[in-house]
Every structure is written in structure tokens, then in C-alpha cells.
Amino acid sequence: MMTTVSFAEVPTPVGPFVLAVTEVGLVASGWRSRPRLDERLGLAEVHDADRTAFVVAELNAYFAGELKTFETPVDWRLMSGSRLRVLQTLHEVPYGTAVTYGELATRSGSGVPARGIGSIMGSNPIPIIVPCHRVIAGNGLGGFSGGEGVETKRWLLTHEGYLQPTLLDF
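As the structure is a prediction and not an experimental result, all values here were calculated from the model. (Residues numbered from 1 in each chain as written. Predicted model: local features only at pLDDT ≥ 70, side-chain atom pairs only at ≥ 80, totals over all residues. Heavy atoms only, no water.)

## A word on the nonpolar core
Counting 39 residues, the largest nonpolar core has Leu59, Leu90, Ile117, Met121, Ile128 and Ile129 as the members making the most contacts within it. Broken down by secondary-structure element, the contributors of at least two residues to this core are strand E1 (4-10), strand E2 (17-21), helix H2 (49-63), helix H3 (81-90), helix H4 (101-108) and helix H5 (114-122). At 5 residues, the largest contribution of residues to this core is made by H2. Built from parts of two domains, this core gets at least three residues from each of domain 1 (4-64) and domain 2 (81-160). What Ile129 contacts, discounting residues up to four positions off in sequence, is Leu26, Val55, Leu59, Phe70, Val74 and His91. Val27, Ala28, Leu41 and Leu43 belong to the second largest nonpolar core, which has 8 residues in total. (Core = buried A, V, L, I, M, F, W, Y, C linked by side-chain atoms within 4.5 Å. Buried < 20%, exposed > 50% of the residue type's maximum accessible area, 1.4 Å probe, protein only. Helix = DSSP H or I, 4+ residues; strand = E, 2+ residues; numbered from the N terminus. Domains from an automatic or database assignment. Contact = heavy atoms within 4.5 Å.)

## Section: the pairing of E1
Counted residue by residue, E1 has 6 buried out of 7 residues, so it is predominantly covered. One ladder, built from 2 bridges, connects E1 with strand E4 (residues 44-45); its direction is parallel. Looking across to E4, one finds that Val5 is bridged to Glu45. As defined by bridge partners, E1 adjoins E2 across 5 bridges and the pair is classed as antiparallel. The partner of Phe7 across the bridge, within E2, is Ala20. What sits between the antiparallel neighbours E1 and E2 is a turn of 6 residues, in which Gly15 has the positive phi angle 105 degrees. (Pairing = 2+ DSSP bridges.)

## With respect to the domain arrangement of the protein chain
Domain annotation of the protein chain identifies domain 1 (4-64) and domain 2 (81-160). Computed from C-alpha atoms alone, the centre-to-centre distance between domain 1 and domain 2 is 20 Å. Residue-level contacts link 15 residues of domain 1 with 18 residues of domain 2. Of all residues in domain 1, the largest losses of buried area upon contact with domain 2 belong to Val14, Trp31 and Tyr62, amounting jointly to 48% of the total for that side. At the boundary of domain 1 and domain 2, one finds 4 residue pairs in polar contact (both at pLDDT 80 or more). Among the elements that line the side of domain 1 that touches domain 2, the one with the most residues is strand E3 (residues 26-30), at 5 residues. (Buried area = accessible area lost by both parts, 1.4 Å probe. Polar contact = N/O pair within 3.5 Å; in protein donor to acceptor, adjacent residues only side chain to side chain.)

In C-alpha cells:
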């Protein structure tokens, strides 16, 4: 059976967010352009609003402050080995909390050192739903490659209540 992908774009407070959904589930998302996702996935595109409707509704509810746990099925096909193990462990980190790179390394049991966790976060194909913004450095926020970088991470963590708003947010 040929696998296909359907795309949707969701306007969010942190910029337009693109979703790629296969028959299995959400396979990729982020602030990158659709053409780059098309090339990376190598799947035939179909236009199927029904397929993308659930994750679009969940993201809209998340950004409205009404959703804390995503139920969107995830298609893990772009990940394998230690990377898959780390990202599946990350997928279980709850809303409003954060873990350090080192804590995620330990929790995943993957043998990946904390420094390697940062690389995995930077290449996470499914940000927000697989919440790489919830992984922080022991001495601060750490990096973030999505959206506008660390300011997007700060916004997401403030939105979830992990960080307190600052005067700069008003």
C-alpha cells in the first residue's frame, strides 16, 4: 500500500505552523516550508482535510489554552534507534513541566549523553506535539531551532505556565 501525506497550515501566535499527516498519524510539523517537508518525506501528497482536522483542532485548542495533552497519533517513521527512544520519552513529558537535557538522557535509557540530546532536539521532526521546547539546559533555557529560536521556546514555556511572564511580554 502506498503511503500518502496531507498537509495543513495552522496560524499560531508563534508563526504559521505546518503539519504533515500520513494514514498513520502526524509525521512532521514545524515552522519549515512545505517544499522542504515534501522532499524529506518522499510521499505522494493528497488533499485530505478530514485527515488533518484532528491535529489542527488540537493545535488550535492548545494555543487557546484549552488543551494540555495531545491525543494526535504520531507516525514515528522518520526516527529510529536512540533518537526514536529519546523522542518517545520526550513525548511523555507533561504540559507545564520541563526536563534538562541530562534528565531526558537518563529517562530515555538510550545511552545518549546530554550533549547528544541537544542534537536530537534540534532535529525533532514533530515539535510542539513531541515537546522539545520542554527540554532545558541545567543553567537556563538552552537553545531552540524552531520558529524565532529561543524566544519561541520562551513563549511556549510561558504559555504552558512553566515560566512566569516578564514585563517584556506586555
